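Report on the structure
Listed below, chain by chain, are the residues.
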Amino acid sequence: MQQFNFDAPLPLYSEEKGYGYDLQAAPAKMGKQAFFFSVQVPDGNYRVTVKLGSKKQAGSTTVRGESRRLFIENFPTKKGELVTRTFVINKRSPQISATESVKIKAREKHKLNWDDKLTLEFNGSSPCVSSMSIERVDTIPTVFLCGNSTVVDQDNEPWASWGQMIPRFLDENVCIANYAESGESANTFIAAGRLKKALTQMKPGDYLFMEFGHNDQKQKGPGKGAFYSFMTSLKIFIDEARERGVQPVLVTPTCRRSFDANGKIIATHLDFPEAICFLATRENVPLIDLQEFTRTLYEALGNEGSKKAFVHYPIGSYPGQTVDLADNTHFNTYGAYQIAKCVIEGIKTAGLPLVAHIAADYKTYSPTTPDAFDSFHWNESPFTEIEKPDGN
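These notes cover the structure that comes with them. (Residues numbered from 1 in each chain as written. Predicted model: local features only at pLDDT ≥ 70, side-chain atom pairs only at ≥ 80, totals over all residues. Heavy atoms only, no water.)

Topic: the overall build of the chain
The secondary structure content of the chain amounts to 7 helices and 16 strands. Taking 392 residues into account, the globule formula puts the C-alpha radius of gyration at 21 Å, and the chain, at 21 Å, falls close to it. Of all intrachain contacts in the chain linking residues separated by at least 6 positions in sequence, the fraction that spans at least 24 positions is 76%. Accessible surface, the chain as shown: approximately 15,900 Å² in total, 51% of it carbon and sulfur. Here the chain contributes 44 positively and 46 negatively charged side chains, and the mean placements of these two sets differ by 3 Å. (Helix = DSSP H or I, 4+ residues; strand = E, 2+ residues; numbered from the N terminus. Rg over C-alpha atoms; globule rule 2.2 N^0.38 Å. Contact = heavy atoms within 4.5 Å. Areas by Shrake-Rupley, 256 points an atom, 1.4 Å probe, with all protein chains shown as cover. Lys, Arg positive; Asp, Glu negative; His and termini not counted. Charge placed at Lys NZ, Arg CZ, Asp CG, Glu CD.)

Given below as structure tokens:
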């Protein structure tokens, strides 16, 4: 176990030290600004225990990890109050074996998810943390997420996906390992070695969630199609998982924001969701119908209101933004947060044992009555990106 006392001086991160304040250096004063702290650790799951609060002031602290995975949200502490919270985070690197690595894209080379250290972000209206401990844990179930830009951990504001929000709604006895990447199809995910890397980390009792379809539908040519190459690729995921005692779970793709004249969502995924449902039945695999959840969610928000769930921002909203952002596929943090709740409800509907690990403070959610946009509070990370993720 490694322990760190934030009430005492700590160094800036270096490979020699193997730990320290990172990215934006040390905070000038605790409780006044977001800060990052990194620890060099091998691949695996780590139990992180933080003591939140300060003897000097009241606090409101959010804790995110690696590429903006949300764990602790707007946690309030009174002056002099110290509260212990625990979560489990996955750390990985591209290395599969001594001779093979995941073929990550150029845009991924600086992602916190793929480096050799575990990085934690302490944010919030008044981030206060007194101490932290980190220890390896190998005995709890891991949920491996495979998918595209609607699932991936997005590093930079204002982009977000449900895969980086869902850790917030699960307890400290389960870990999310998000292997999704923007622009990937089921077959390209396999070809890049992403599945192979995930398989090296799996153990009996783990889960493998698969959400593909957005990019797969763009593939044309002989043998391509929902009921051909696509189902063949998904069958590889299912077979590889079951061979290792891992529970596969199929997830239909999130809807795009595309409304008809009557305020109803237009189906844009061709027969890919149908193929996923067919395969789930044929192979007796649990199914989360995220297409249906998101259709209901967007229609509940309405044509205009649903823009608040996507990356729709006028020119000048972010540094270097010289054009309006109007993306109808990729979510902002509010939208990703709502869809993560849809996935939790899908877990409940599917009757997965993961239900036992839903966070104690999670309240039943319905996409027909999403959280009010004005009630959602997100302290932005300091890093932004105007370029849209791969895929559409």
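Moving on, there is more to tell.
Topic: the side chain of D153
Along the chain, D153 falls in the loop between strand 10 (142-147) and helix 1 (162-165). Looking at D153, its side chain comes within polar contact range of the side chain of N113, at 3.0 Å. Leaving out residues up to four positions away in the same chain, D153 has contacts with S67, R69, K111, N113, G163, Q164 and N178. (Polar contact = N/O pair within 3.5 Å; in protein donor to acceptor, adjacent residues only side chain to side chain.)

A word on the side chain of Q338
Considering the arrangement of structural elements, one finds Q338 in helix 7 (residues 333-350). With residues up to four places along the chain from it excluded, the contact list for Q338 reads L297, Y365, P370 and D371.

Digging into the environment of F144
Position of F144 relative to the elements: it lies in strand 10. The exposure class of F144 is buried, given its relative accessible area of 1%. Considered as a pair, F144 and M210 are 66 residues apart in the sequence and their alpha carbons are 8.6 Å apart. Discounting chain neighbours no more than four positions away, the residues touching F144 are A177, Y179, A198, Q201, M202, D206, Y207, L208 and F209. (Buried < 20%, exposed > 50% of the residue type's maximum accessible area, 1.4 Å probe, protein only.)

What about the sheet that holds strand 11 (residues 175-178)?
With respect to topology, 5 strands assemble into an open sheet ordered 11-10-12-13-14, the strand pairing being parallel. What marks the edges here is a single partner per strand, and that holds for strand 11 and strand 14 (287-288). Where strand 10 lies against strand 12 (residues 207-211), 5 bridges are found, and the strand directions are parallel. Each residue of the ladder has a partner; that of V143, found in strand 12, is Y207. (Pairing = 2+ DSSP bridges.)

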